[in-house]
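# Coordinate analysis (summary)
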Amino acid sequence: MAKLTKLSRSVEGKVALITGAGSGMGRATAFVFAEAGAKVVVSDINENQIDEVAKEIDSSEGACLKQVLDVTNQENINEAVTNVIKEFGQLDILVNNAGISIPTTIDDENYEESWDKTFDVLLKGQVNLIRAALPFIRKSDCARIVNISSTEGMGATPRISPYTSAKHGVIGLTRSLAAELGSQGITVNCICPGPINTAMTAAIPTEDKQIYARRRVPLKRYGEPEEVAHMTLSLCLPAASFVNGAVLPVDGGLSIKRA
Ligand code: NAI
């Protein structure tokens, strides 16, 4: 019988492109992958932020490429993928993480604008990156796509319908592509973070966060970006080869709590 340890638990030498890596969960993911020996493409629309992240990875002797990348800009996307191949010669892992959140009610004057912007970043950005990266990911012996959705992709809170709709779309996209690309040896999975302490939630007063967490989250707290990053890494290990089309909450139990 084959050894149970034959599946590798290392991403060493794999090339991982992470969007929105300048802050929050993307930043944590870049560090966690670099620490695990992956070559990391730190990409974000915000150049200053990626400079900082890349400096930190460099100083800890990790391999990284910084790449200014607006996921709503097709030219940027093509250029990013070209640069990755130029620098590293391969692309194994794509983490579609970049995100924005625009609170709005359905009858807001600017609703349509918010809808378009939200969908461009959260959903179309993921699709366009997958399409550009696919010819190279296809060649990998550890082909992994992880899309970041949200617990908003599985349920809903009021006054954020473009975000909620787009995050539901990310789950649909993940499942559909998992079915379509599985036969090519590519896994496509999705993580649904619950409330996490990042720039996106920084404006919420601490007391409000505590009240919310005590009421809604069985673990009674917000999560930290690293707690999501480690789950992303797990989905990208060679050993995760039979996990495909999974929709994985990382939410302290929020999504299973009834009252
Ligand atoms: P964050 O605000 O700390 O980081 C988001 C990053 O995305 C920023 O660095 C930003 O510059 C970048 N970004 C924004 N627009 C971009 C674009 N057009 N192209 C490239 N990069 C762009 O937020 P956080 O929380 O780390 O968000 C990461 C992902 O997690 C997002 O998809 C978000 O929707 C999702 N999420 C966040 C939750 C939270 O509680 N913080 C909960 C559930 C999901």
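Residues numbered from 1 in each chain as written. Predicted model: local features only at pLDDT ≥ 70, side-chain atom pairs only at ≥ 80, totals over all residues. Heavy atoms only, no water.

## Points about the overall build of the chain
A tally of regular secondary structure across the chain gives seven helices and seven strands. Mapped in sequence order, the helices and strands of the chain form the string β-α-β-α-β-α-β-α-β-α-β-α-α-β. Expected size for 259 residues packed as a compact globule is a radius of gyration near 18 Å; at 18 Å, the chain falls within 12% of this value. By residue count, 48% of the 259 residues in the chain fall in the buried class. Relative to all contacts within the chain whose residues are 6 or more apart in sequence, the contacts with residues 24 or more apart total 70%. (Helix = DSSP H or I, 4+ residues; strand = E, 2+ residues; numbered from the N terminus. Rg over C-alpha atoms; globule rule 2.2 N^0.38 Å. Buried < 20%, exposed > 50% of the residue type's maximum accessible area, 1.4 Å probe, protein only. Contact = heavy atoms within 4.5 Å.)

## Observations concerning the packing of aromatic side chains
Centre distance and the angle of the planes are the two values used to describe a pair of aromatic rings. According to the stated counting rule, one finds two aromatic pairs in the structure shown. Relative to Trp115, the ring of Tyr111 has its centre 6.3 Å away and its plane inclined at 35 degrees; by these criteria the two rings are tilted. One end of the pair, Tyr111, and the other, Trp115, are both in helix H4 (residues 111-137), four residues apart, so they sit about a helical turn from each other. For Tyr111, a relative accessible area of 13% corresponds to the buried category. When the ring of Trp115 is compared with that of Phe119, the centres are 4.4 Å apart and the planes differ by 20 degrees; the resulting orientation is stacked. (Phe/Tyr/Trp six-rings, centres within 6.5 Å; stacked < 30°, edge-to-face > 60°.)

## Comments concerning the packing of H4 against helix H5 (residues 161-181)
At a minimum axis distance of 9 Å, the contact between H4 and H5 shows a crossing angle of 20 degrees. Overall, the two elements H4 and H5 adopt an arrangement that is roughly parallel. Crossing of H4 against H5: the hand is right-handed. Residues Tyr111, Ser114, Trp115, Thr118, Phe119, Leu122, Leu123, Gln126, Val127, Ile130 and Leu134 of H4 pack against Ser161, Pro162, Tyr163, Ser165, Ala166, Lys167, Gly169, Val170, Leu173, Leu177 and Leu181 of H5. A breakdown of the residues in the contact of H4 with H5 according to their chemical character gives 15 nonpolar, six polar and one charged. (Axes fitted to C-alpha atoms, helices over the stretch in contact; angles between N-to-C directions. Parallel < 35°, antiparallel > 145°, perpendicular 65-115°, else oblique. Left-handed = near helix turned anticlockwise from the far one by under 90°. Nonpolar A, V, L, I, M, F, W, Y, C, P; charged D, E, K, R; others polar.)

## A word on the site of the ligand
Inspection of the region around the ligand gives 29 residues, with Ser23, Asp44, Asn97, Tyr163 and Thr198 positioned closest. Separating a nitrogen atom of the ligand from a backbone N or O atom of Ile45 is a distance of 3.4 Å. The protein chains hide 92% of the 830 Å² of surface that the ligand would expose on its own. Those elements giving two or more residues to the shell around the ligand turn out to be helix H1 (24-35) and H5. Considered class by class, the residues forming the shell around the ligand number 14 nonpolar, twelve polar and three charged. (Near = heavy atom within 4 Å. Polar contact = N/O pair within 3.5 Å; in protein donor to acceptor, adjacent residues only side chain to side chain. Areas by Shrake-Rupley, 256 points an atom, 1.4 Å probe, with all protein chains shown as cover.)

## A closer look at H4
The end-to-end C-alpha distance of H4 is 36 Å, a good match for the 39 Å that 27 residues give at a rise of 1.5 Å each. At Lys124, H4 shows its largest bend, some 40 degrees. (Expected span 1.5 Å × (residues − 1). Bend = angle between axes of the 7 residues up to and from the residue.)

## As for the side chain of Thr19
Of note, Thr19 is situated in the loop between strand E1 (15-18) and H1. Judged by relative accessible area, which is 2%, Thr19 ranks as buried. A polar side-chain atom of Thr19 sits 2.9 Å from the main-chain amide nitrogen of Ala98. For Thr19, the contacting residues outside a window of four places in its chain are Gly26, Ser43, Leu69, Val71, Val95, Asn96, Asn97, Ala98 and Leu129.

## Here we look at the pattern of salt bridges
Any two side chains of opposite charge can pair, given that their charged atoms come close. A full pass over the atoms with the stated rule returns four salt bridges. Of the charged contacts in the structure, one is a salt bridge between Asp141 and Lys14, with a shortest N-O distance of 3.3 Å. Here Asp141, found in the loop between H4 and strand E5 (144-148), pairs with Lys14, found in the segment before E1; they are 127 residues apart in sequence, far enough to count as distant. A residue is classified by how much of its surface remains accessible, and Asp141, at 72% relative accessible area, is exposed. For Lys14, a relative accessible area of 14% corresponds to the buried category. Two residues, Asp51 and Lys66, come together in a salt bridge whose shortest N-O distance is 2.9 Å. Of this pair, Asp51 sits in helix H2 (residues 47-59) while Lys66 sits in strand E3 (residues 63-68), placing them 15 residues apart in sequence. Asp51 gets classed as partly exposed once you look at its relative accessible area, which sits at 25%. (Salt bridge = Lys/Arg side-chain N within 4 Å of Asp/Glu carboxyl O.)

## Let's talk about H1
Here H1 is twelve residues long and its end C-alpha atoms lie 17 Å apart, about the 16 Å a rise of 1.5 Å per residue gives. Where burial is concerned, most of H1 is hidden: nine out of the twelve residues are buried. As for H1, its buried residues are in contact with E1, strand E2 (39-44), H2, strand E4 (93-96), strand E6 (187-193) and helix H7 (225-236). Among the residues trailing H1, Gly37 stands out with phi positive, at a value near 95 degrees.

## Some remarks on the side chain of Lys209
Assignment of secondary structure puts Lys209 in helix H6 (residues 206-216). Here Lys209 occupies a buried position and makes no salt bridge, while the nearest side chain of opposite charge, Glu224, is found at 8.1 Å. Residue contacts for Lys209: discarding those within four places in its chain leaves Asn197, Thr201, Ala202, Ile204 and Tyr222. (Lys, Arg positive; Asp, Glu negative; His and termini not counted.)

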